[in-house]
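# A look at the structure
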Amino acid sequence: MAEPDLAAAIKAALAAVEIPGGGDLAGYAGLSDIIVTPSAVAFAIAVAPGMEAAFGPAREAAQRAAQTVAGTRKIMVSLTGGKPPAKAGPTFSHGKPVPTGKTPVPGIKRIIAVGSGKGGVGKSTTAVNIALALQAGGLKVGILDADLYGPSIPKLLGLEGQPSIRDDGIFSPHEAFGLKAMSIGSMLVKDQAVVWRGPMATSALRQLMRETAWGELDVLIVDLPPGTGDIQISLLQQAIVDGVVIVSTPQDLALIDAKKAIDMIARFSVPVLGLIENMSYFIAPDTGTRYDIFGSGGAEQAARDLGMPFLGAIPLVMSIREGSDAGTPPMVTAPDGPEATAYRAISQQILAQLPAVSR
Ligand code: ADP
């Protein structure tokens, strides 16, 4: 069935779903648009604060009704209200209680998020190569593309096709160069623009993270969207994130709204593990000579001013760009090259910054 027809058919099926207070879901003003991708269907039900529990059965009925029409597509129904997360028992991280609502992701020992002040600084490229460098160090690693507004992990890792969905509705992640990988990008048709409403994006993030069969992972790297928006808040709010690393270019160091990012991260009792300077120096392809084209030491100083560790610098090299565009990261194609050496050194710094606790 063509995607617009399927959205209409699902909407029609939702007419059979009763909602609290009378009426049906198809006619309910709080029902969002129905997004259909080749492998998933997503919609949200906005409810008044405090009405989430009452709408629980309607959500489940909506899930079932949509599934009968949508065949093998994964159904992602989110219920959004204005209430703070429901009270759960206290959870502990690094020996300290964490705000209620945060829960570990089963099987995943560590979650490290990679963020940046703005787009285009090489955050995703860095996230992928750091993930591969951690793996090269003997860890089991996954990567989650949380940049729902501009997912680039499929391209960077050369992911093909869509993730398969098990009978129980759980995604089987892609495997690329030994990494487990999930991205909404591989569920969209080329150039399909998805206009996420804030709550739907946060719900999609939750499902990509929690409804994926990651298996046992030592580390899950989460590639965040740039800036400090709803996805970042949602991740920090719902998952026990062990730390955030921030990627910046030398030119943008002065511009990163680091204070804002740090304040936001601190609100959720998550440590900033440090700053990575990307596209920092140039290595001449012929002689291998290093040129500090932007001067040296700027990032280290900036990190110090911001009160965060400096994790290292990555050269500006064509091979990174070309390899990334081709879906063959330099950590894979030239594991002994200077780029890979830089990524490995940074991955070790990141591990050194992680609080030494086991879960
Ligand atoms: P972001 O996630 O911050 O938006 P990307 O990772 O998509 O940025 O990178 C933006 C562009 O910069 C891409 O074309 C990428 O290949 C290129 N790039 C990233 N890091 C480097 C580097 N160290 N040297 C050269 N090009 C790079």
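Residues numbered from 1 in each chain as written. Predicted model: local features only at pLDDT ≥ 70, side-chain atom pairs only at ≥ 80, totals over all residues. Heavy atoms only, no water.

In this structure the tally under the stated criterion is seven salt bridges. The shortest N-O distance in the salt bridge between R110 and D242 comes to 3.2 Å. Of the two residues, R110 is situated in strand 6 (residues 108–116) and D242 in the loop between helix 6 (230–238) and strand 13 (243–248); the sequence distance between them amounts to 132 residues. Taken as a pair, R110 and D242 share a single burial class, namely buried. Of the charged contacts in the structure, one is a salt bridge between D147 and K123, with a shortest N-O distance of 3.8 Å. Within this pair, whereas D147 is found in the loop between strand 7 (141–145) and helix 4 (153–157), its partner K123 is found in helix 3 (residues 123–136), the two being separated by 24 residues in sequence. One network of salt bridges, in which partners are shared, links K123, D147 and D223. (Salt bridge = Lys/Arg side-chain N within 4 Å of Asp/Glu carboxyl O. Helix = DSSP H or I, 4+ residues; strand = E, 2+ residues; numbered from the N terminus. Buried < 20%, exposed > 50% of the residue type's maximum accessible area, 1.4 Å probe, protein only.)

This part takes up the site of the ligand. Residues in contact with the ligand amount to 16 residues; listed here are only the nearest, G120, K123, S124, T125 and P315. One of the backbone N or O atoms of S124 is found 2.8 Å from an oxygen atom in the ligand. At a separation of 3.2 Å, a nitrogen atom of the ligand approaches a polar backbone atom of V317. Expressed as a share of its isolated accessible area of 570 Å², the protein-covered part of the ligand is 82%. Of all the secondary-structure elements, those providing two or more residues to the shell around the ligand are helix 3 and helix 9 (318–325). Taken together, the residues of the shell around the ligand break down into seven nonpolar, seven polar and two charged. (Near = heavy atom within 4 Å. Polar contact = N/O pair within 3.5 Å; in protein donor to acceptor, adjacent residues only side chain to side chain. Areas by Shrake-Rupley, 256 points an atom, 1.4 Å probe, with all protein chains shown as cover. Nonpolar A, V, L, I, M, F, W, Y, C, P; charged D, E, K, R; others polar.)

Within this structure, the stated rule accounts for two aromatic pairs. Ring centres of Y28 and F55 lie 5.5 Å apart, and the angle between their planes is 35°; on these two criteria the pair is classed as tilted. Placement of the pair is Y28 in the loop between helix 1 (3–13) and strand 1 (35–36) and F55 in helix 2 (residues 52–70), with a sequence separation of 27 residues. For F55, a relative accessible area of 4% corresponds to the buried category. Their ring planes at 35° and their centres at 6.5 Å tell us that F282 and Y291 sit as a pair that is tilted. Overall, F282 belongs to the partly exposed group, its relative accessible area being 33%. (Phe/Tyr/Trp six-rings, centres within 6.5 Å; stacked < 30°, edge-to-face > 60°.)

Formed by 44 residues in total, the largest nonpolar core has its most connected members in L144, L220, V222, L235 and V241. Ranked by the residues each element gives to this core, the list is headed by helix 5 (residues 198–210), at six residues. Excluding anything up to four places from it in sequence, L235 contacts A113, L205, M209, V222, L224 and V241. In terms of nonpolar packing, the next biggest core, distinct from the first, is built from 39 residues, L156, L159, I314 and I350 among them. (Core = buried A, V, L, I, M, F, W, Y, C linked by side-chain atoms within 4.5 Å. Contact = heavy atoms within 4.5 Å.)

Pairing in this open sheet of three strands is mixed, and the strands run 1-2-3 from one edge to the other. Every interior strand has two partners, whereas the edge strands, strand 1 and strand 3 (74–80), have only one. Across two bridges, strand 1 lies against strand 2 (residues 40–46) in antiparallel orientation. Paired with V36 across the two strands is V41, which belongs to strand 2. Against the sheet, helix 2 touches strand 2 and strand 3, its axis set at about 160° to strand 3. (Pairing = 2+ DSSP bridges. Axes fitted to C-alpha atoms, helices over the stretch in contact; angles between N-to-C directions.)

With that out of the way, let us pick up the pairing of strand 6. Of all nine residues in strand 6, eight are buried; the element is thus mostly enclosed. The pairing of strand 6 with strand 12 (residues 217–223) spans six bridges and is classified as parallel. Residue I108 lies in a different strand from strand 12, and its bridge partner there is L217. Relative to strand 13, strand 6 runs parallel, the two sharing five bridges. Directly across from G115, in strand 13, lies its bridge partner I246.

Moving on to helix 8 (residues 298–306). An α-helical turn contains 3.6 residues, so any two residues separated by three or four positions project in the same direction. All of the buried residues along helix 8 are A299, A302 and A303. Angularly, the buried residues of helix 8 cover 100° about the axis, an arc narrow enough to put them on a single face. Those residues of helix 8 that are exposed and aimed more than 90 degrees away from the buried face are R304 and D305. Among the structural elements, strand 14 (272–277) and strand 17 (310–313) are those in contact with the buried residues of helix 8. (Arc of directions from axis to C-beta.)

A separate point is the packing of helix 5 against helix 6. As a packed pair, helix 5 and helix 6 sit with axes 9 Å apart at the nearest point and diverge in direction by 45°. Regarding the angle of helix 5 to helix 6, the classification is oblique. Considering how the two elements wind past one another, helix 5 and helix 6 form a crossing that is right-handed. In this structure, helix 5 uses G198, A201, T202, L205, R206, M209 and R210 to contact helix 6, whose residues at the interface are D230, I231, S234, L235 and Q238. Of the residues in the contact of helix 5 with helix 6, the class split is five nonpolar, four polar and three charged. (Parallel < 35°, antiparallel > 145°, perpendicular 65-115°, else oblique. Left-handed = near helix turned anticlockwise from the far one by under 90°.)

A few words now on the packing of helix 3 against helix 11 (residues 338–353). Running from N to C, helix 3 and helix 11 cross one another at 75°; their axes reach a closest spacing of 8 Å. With respect to helix 11, the axis of helix 3 lies roughly perpendicular. Only Y343, R344, I346, S347, I350 and L351 of helix 11 make contact with helix 3, whose side of the interface consists of T125, T126, N129, I130, A133 and L134. In terms of residue class, the contact of helix 3 with helix 11 is made up of seven nonpolar, four polar and one charged.

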